[in-house]
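The lines below spell out each chain.
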Amino acid sequence: MQTKYIVVTGGVLSGLGKGIAAASIGHLLSSKLKVIPIKCDGYLNLDPGTMNPYEHGEVFVLDDGGEVDMDFGHYERFIGVTCKSKWNLTMGKVFDMIRQKERRGDYLGKTVQYIPHVTDLIKEHIFEIAKEEEADLVIIEIGGTVGDIENELFLEAMRQMKEDVGKENIIYVHLTYVPIPHGVNEQKSKPTQQSVNLLKQRGIFPDIIIGRCSQFLSKEIKEKIARFCDVSPNAVITGLDVDDIYEIPLIFEQEGLPEIIHKRLNIYSPPNLTKWKTLIENIRNPEAEVTIAMCGKYTRLEDSYASIKEAFHHCSAHLKCKINIKWVETTNFSDPTLLEDVDGILVPGGFGTRGTEGKIEVIRYAREHNKPFLGICFGLQLAVIEFSRNVCGLKDASSTELDPSTPHPVIDILPEQRNVLQKGGTMRLGSYEAVLKPDTLVRQLYGAEVVSERHRHRYEVNPNYHDLLTSKGMVFSGTSKDERLVEFLELPNHRFFLATQAHPELKSRLERPAPLFYGFIKACMEN
Ligand code: GLN
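Conventions and cut-offs
- Residues numbered from 1 in each chain as written.
- Predicted model: local features only at pLDDT ≥ 70, side-chain atom pairs only at ≥ 80, totals over all residues.
- Heavy atoms only, no water.
- Helix = DSSP H or I, 4+ residues; strand = E, 2+ residues; numbered from the N terminus.
- Rg over C-alpha atoms; globule rule 2.2 N^0.38 Å.
- Buried < 20%, exposed > 50% of the residue type's maximum accessible area, 1.4 Å probe, protein only.
- Pairing = 2+ DSSP bridges.
- Axes fitted to C-alpha atoms, helices over the stretch in contact; angles between N-to-C directions.
- Parallel < 35°, antiparallel > 145°, perpendicular 65-115°, else oblique.
- Left-handed = near helix turned anticlockwise from the far one by under 90°.
- Contact = heavy atoms within 4.5 Å.
- Nonpolar A, V, L, I, M, F, W, Y, C, P; charged D, E, K, R; others polar.
- Near = heavy atom within 4 Å.
- Polar contact = N/O pair within 3.5 Å; in protein donor to acceptor, adjacent residues only side chain to side chain.
- Areas by Shrake-Rupley, 256 points an atom, 1.4 Å probe, with all protein chains shown as cover.
- Lys, Arg positive; Asp, Glu negative; His and termini not counted.
- Salt bridge = Lys/Arg side-chain N within 4 Å of Asp/Glu carboxyl O.

S.K.: Honestly, the overall build of the protein chain in this entry has me stumped. Any pointers?
M.R.: Check the secondary structure of the protein chain and you find 17 helices and 21 strands. Here the protein chain has a C-alpha radius of gyration of 25 Å; the compact-globule value for 527 residues is 24 Å, and the two agree. Judged by the C-alpha coordinates and their principal axes, the protein chain covers about 75 × 60 × 45 Å. The buried share of the protein chain, taken over its 527 residues, is 59%.

Okay, structure coming up:
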């Protein structure tokens, strides 16, 4: 079958949910089609791995070790695909490839230009993915908003694609904003008109317009947008504000989006939403409620822990439990009474010293008060430090990441990381297998002996301290095959005290929550 393409752009302002919109379209069309998502980001970093999550949101890690935009989390969760690092095309990667090609002599005798060389490279990259993956449908999301300088080359490439693939094989979806100004109480179309004009100036004429709004778009506003923007009124779709992003596919279906796409692209892949609807109903009608303390240093920006929040949400759908998150900033943490009323404590991944002593105190509280505890990556390392100091009697035990001259480096750099100087893309990244010990909580939760989770770290539990830690009662319930690297640990005498070096939240899905999160929330419910 000829590959079909849907290009998703955004206008007016950022943060309207283009990633969710693209992912929802993918969800709706994936019943009979192989859908492959691609994201183009205009920044010059090779990948977001070197960016501050506080600015850019969570760095999502793929099976293949790619550090990619957090929208890939939405794609994987909504479309059910396992994404590849190649599918995140940044301008940094584009320039890197162009420079390599130029040095190799691929353009010998030519002046290397934005058009055609850069735009050709972008298109070739996309066509290559479509071919490699034997994609029926490729959804290409262009980051940023129309008019940003840094996305112009991607937009130009998208415009040119129409000629390359034939206009019957590509459609353009534009996401805009329809405000209802206070006091005016009327849906306003002007921002959409202006944003579509910006797009048209670039030669892209949208086939479908999604208007983000706090209410369903009225018939009148749809007609108005249709008239000004040259689309048919039924191709103007409401992108409703929702509390739960998993409702977006349902809204799009209700608005008739799948039919329009079927017609325009001459495809047929009817949505199958039965299971999702049931799960969303469960979320809407909880029968229990828990409060989890999320302790970290980026707590102010919830986006930096996006996948953990999603994993909780998936648990809600299966346990019919409302999960409240109490964000606890650990930078100047000195008041454990803050934790008295929570049902469980989660210490997520992290880097650097700020806030760590606070997190260690939080973990001590969880251990001593028998509160369900889940440690993720850095959370595992800090649990080991806490146990070393307060149970094994190693005063000043630490990680060499935090204190290079600690007398007891219970957490130390991975041997293969010792000589790595370059920062970008050099951590232990991607999926690795772990072998789980029989009769442990982890083994029981996964129901399997060998499991594979994604990683992003440089440090590990120092093997020189394994014997001491286990002799004092810590159980290494999952390790790498050679038993060197501690992947999971637990405390058997505790109600639920579990930590992992991996990031299981990255593979959690609405249909199947990550087992550790599921077990953790269940333990919190029993608290
Ligand atoms: N900073 C720690 C390390 O590099 C933990 C990383 C993380 O939590 N992702 O090992």
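Next comes the rest of the account.
S.K.: Please clarify how the sheet that holds strand S18 (residues 459-461) should be interpreted in this entry.
M.R.: Picture the strands of a sheet paired through backbone hydrogen bonds; they go either parallel or antiparallel. On the basis of which strands lie adjacent, the open sheet formed by three strands has the order S14-S15-S18 and mixed pairing. A single partner strand is all that each edge strand has here, and the edge strands are strand S14 (397-399) and S18. If you compare each strand with its neighbour and ignore which way they point, the axes differ by 30° on average. Where strand S15 (residues 408-413) and S18 come together, three bridges link them in antiparallel fashion. Bridge pairing in S18 places Ile 411 opposite Val 461.

S.K.: What exactly am I supposed to notice about the packing of helix H7 (residues 190-201) against helix H8 (residues 219-229) here?
M.R.: Describing two packed helices takes the angle between their axes plus the distance from one axis to the other. The contact between H7 and H8 brings their axes to 10 Å, and the two run at 25°. In terms of axis orientation, H7 runs roughly parallel to H8. Relative to H8, H7 is oriented so that their crossing is right-handed. The residues of H8 that touch H7, namely those facing Thr 192, Gln 193, Val 196 and Lys 200, are Lys 224, Ile 225, Phe 228 and Cys 229. Here the residues of the contact of H7 with H8 are counted per class, giving four nonpolar, two polar and two charged.

S.K.: I tried to follow the site of the ligand on my own but got confused; where do I start?
M.R.: Inspection of the region around the ligand gives Gly 349, Gly 350, Phe 351, Cys 377, Phe 378, Gln 381, Glu 401, Arg 456, His 457, Arg 458, Tyr 459 and His 503 as its neighbouring residues. With respect to the ligand, the backbone of Gly 350 contributes an N or O atom lying 2.9 Å from an oxygen atom. In the environment of the ligand, an oxygen atom lies 2.9 Å from a nitrogen or oxygen atom belonging to the backbone of Tyr 459. Here the ligand, which alone exposes 300 Å², has 98% of that area covered by the protein. A class-by-class count of the residues in the shell around the ligand yields four nonpolar, five polar and three charged.

S.K.: Can you walk me through the side chain of Glu 453 in this structure?
M.R.: Position of Glu 453 relative to the elements: it lies in strand S17 (residues 450-457). Here Glu 453 is buried and forms no salt bridge, its nearest opposite-charge partner Lys 507 lying at an N-O distance of 4.7 Å. Those residues in contact with Glu 453, other than ones at most four positions away along the chain, are Gly 430, Ser 431, Tyr 432, Tyr 446, Ala 502, His 503, Pro 504 and Lys 507.

Just geometry here; none of it tells us what the structure is for.
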